[in-house]
Amino acid sequence: MKFFLDSAHVHEIAHALDMWHIDGVTTNPRHVQASGKPFLTVIREIAQLVEGTPKTVSVEVNPYLNDWQEMVAEGERLSAISPNFVIKLHCSEAAFKAIPILASKDINVNVTLIFSAVQALQAMRVGALYVSPFVGWKEANAEETISFVEDLVAIRDNYGFDTEILVAAVRNGRQIADAAVAGANIVTAGFSVYQEAFDHPYTRDGLAKFQGFWDQSQYE
Ligand code: E4P
């Protein structure tokens, strides 16, 4: 199970790489805007952090692109910046056309904004490296997501697709565990989601109890 950080804050990514052994990074236009830096500047900075490793950085294209030729051209332009980049395309007919063309040039795609099993199936059929089902957005809309991810896992396994299921828009540790139990390959979540998920009030209470029993004068 791989953990990706969903962020374009370089200091968050550096911390998560160093302390949490994260396996990759995902970005989107919201994260880029929050970084306060121009798109190309920030993705170049992120690329430097993972240079020489197999860790991927999913870089989302201009969301106004709706033409497959533009998607291919932008994918080529961005992947020339770093071999770690995976091109993030919004789920669309144009993306389905662009994905195999990019794959033939050894450029991988993460299909984002996936909300149905059929969208994921089509992305797998045409050779996406990652499909990103947005569980947090569905749950915010009172939709059940465990069986949704289980369906994607079953589709992946039924046909032996190499596509990895990247559960996205994850809001809490329970959703991370649900994705792991369902058999997803990857989760991506924000910095504070991981921080909170790695903590537990019982752990803190237990530590305070054990500290009360510790007597350094009795160390040896
Ligand atoms: C995933 O790749 C997306 O960047 C992300 O999870 C989108 O959701 P959010 O911005 O609402 O967290």
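Refer to the preceding data block for the structure.
This report concerns the structure included in the present document. (Residues numbered from 1 in each chain as written. Predicted model: local features only at pLDDT ≥ 70, side-chain atom pairs only at ≥ 80, totals over all residues. Heavy atoms only, no water.)

## Some points on the site of the ligand
Here is step 1 of the chain: Taken together, Asp6, Thr26, Asn28, Arg30, Lys88, Phe134, Trp137, Ala168, Ala169, Arg171 and Thr188 make up the full set of residues near the ligand.
Here is step 2 of the chain: A distance of 2.7 Å separates an oxygen atom of the ligand from a polar side-chain atom of lysine 88.
Here is step 3 of the chain: Arginine 171 is positioned such that a nitrogen or oxygen atom in its side chain is 2.7 Å from an oxygen atom of the ligand.
Here is step 4 of the chain: Look at the ligand: alone it shows 330 Å² of surface, and the protein chains cover 94% of it.
Here is step 5 of the chain: Among the detected pockets, the ligand sits in the largest pocket.
Here is step 6 of the chain: Partitioning the shell around the ligand into residue classes produces four nonpolar, three polar and four charged. (Near = heavy atom within 4 Å. Polar contact = N/O pair within 3.5 Å; in protein donor to acceptor, adjacent residues only side chain to side chain. Areas by Shrake-Rupley, 256 points an atom, 1.4 Å probe, with all protein chains shown as cover. 1 Å grid on protein atoms, 1.4 Å probe; cavity = no way out; pocket = protein on both sides within 12 Å on 5 of 7 lines; lining within 4 Å. Sits in = over half its atoms within 2 Å of the grid points. Nonpolar A, V, L, I, M, F, W, Y, C, P; charged D, E, K, R; others polar.)

## Some thoughts on the packing of aromatic side chains
Within a pair of aromatic rings, the relevant descriptors are the distance that separates the centres and the angle that separates the planes.
Here is step 1 of the chain: Evaluation of the coordinates by the stated rule reveals 11 aromatic pairs.
Here is step 2 of the chain: Relative to tyrosine 194, the ring of tryptophan 20 lies with its centre 5.8 Å away and its plane at 55°, an arrangement referred to as tilted. Taken together, the residues span a long stretch of sequence, with tryptophan 20 in helix α1 (residues 10-20) and tyrosine 194 in helix α10 (residues 191-197) at a distance of 174 residues.
Here is step 3 of the chain: Arranged with centres 4.9 Å apart and planes meeting at 90°, the rings of phenylalanine 134 and tryptophan 137 form a pair that is edge-to-face.
Here is step 4 of the chain: Looking at phenylalanine 134, the relative accessible area reads 10%, which means it is buried.
Here is step 5 of the chain: Taken together, the ring pairs connect Phe3, Trp20, Phe191, Tyr194 and Phe198 into an aromatic cluster.
Here is step 6 of the chain: Positioned above the aromatic ring of tryptophan 68, the side-chain terminus of lysine 97 is 4.9 Å from the ring centre. (Phe/Tyr/Trp six-rings, centres within 6.5 Å; stacked < 30°, edge-to-face > 60°. Helix = DSSP H or I, 4+ residues; strand = E, 2+ residues; numbered from the N terminus. Buried < 20%, exposed > 50% of the residue type's maximum accessible area, 1.4 Å probe, protein only. Lys NZ or Arg CZ within 6 Å of the ring centre and 35° of its normal.)

## What about the environment of valine 187?
Here is step 1 of the chain: Relative to the helices and strands, valine 187 is located in strand β8 (residues 186-189).
Here is step 2 of the chain: For the pair valine 187 and alanine 177, spaced 10 residues apart in the sequence, the C-alpha separation amounts to 9.5 Å.
Here is step 3 of the chain: Contact partners of valine 187, with chain neighbours within four places excluded, come to Met1, Lys2, Phe3, Phe4, Leu166, Val167, Val170, Ile176, Ala179 and Tyr194. (Contact = heavy atoms within 4.5 Å.)

## Quick notes on the pattern of salt bridges
Close approach of charged atoms allows side chains of opposite charge to pair.
Here is step 1 of the chain: Taken as a whole and judged by the stated rule, the model has 10 salt bridges.
Here is step 2 of the chain: Of the charged contacts, one joins arginine 174 and glutamate 139 as a salt bridge, the two residues approaching to 3.1 Å between their closest N and O atoms. Of the two residues, arginine 174 is situated in helix α9 (residues 173-182) and glutamate 139 in helix α7 (residues 135-140); the sequence distance between them amounts to 35 residues.
Here is step 3 of the chain: Since its relative accessible area comes to 42%, arginine 174 is described here as partly exposed.
Here is step 4 of the chain: The closest approach of N and O atoms between arginine 204 and aspartate 199, which form a salt bridge, is 2.8 Å.
Here is step 5 of the chain: Given the relative accessible area of 48%, arginine 204 is considered partly exposed.
Here is step 6 of the chain: If you follow the salt bridges from partner to partner, you end up with Glu139, Arg174 and Asp178 in one network. (Salt bridge = Lys/Arg side-chain N within 4 Å of Asp/Glu carboxyl O.)

It is worth stressing that arrangement in space is one thing and function is another; only the former is reported here.
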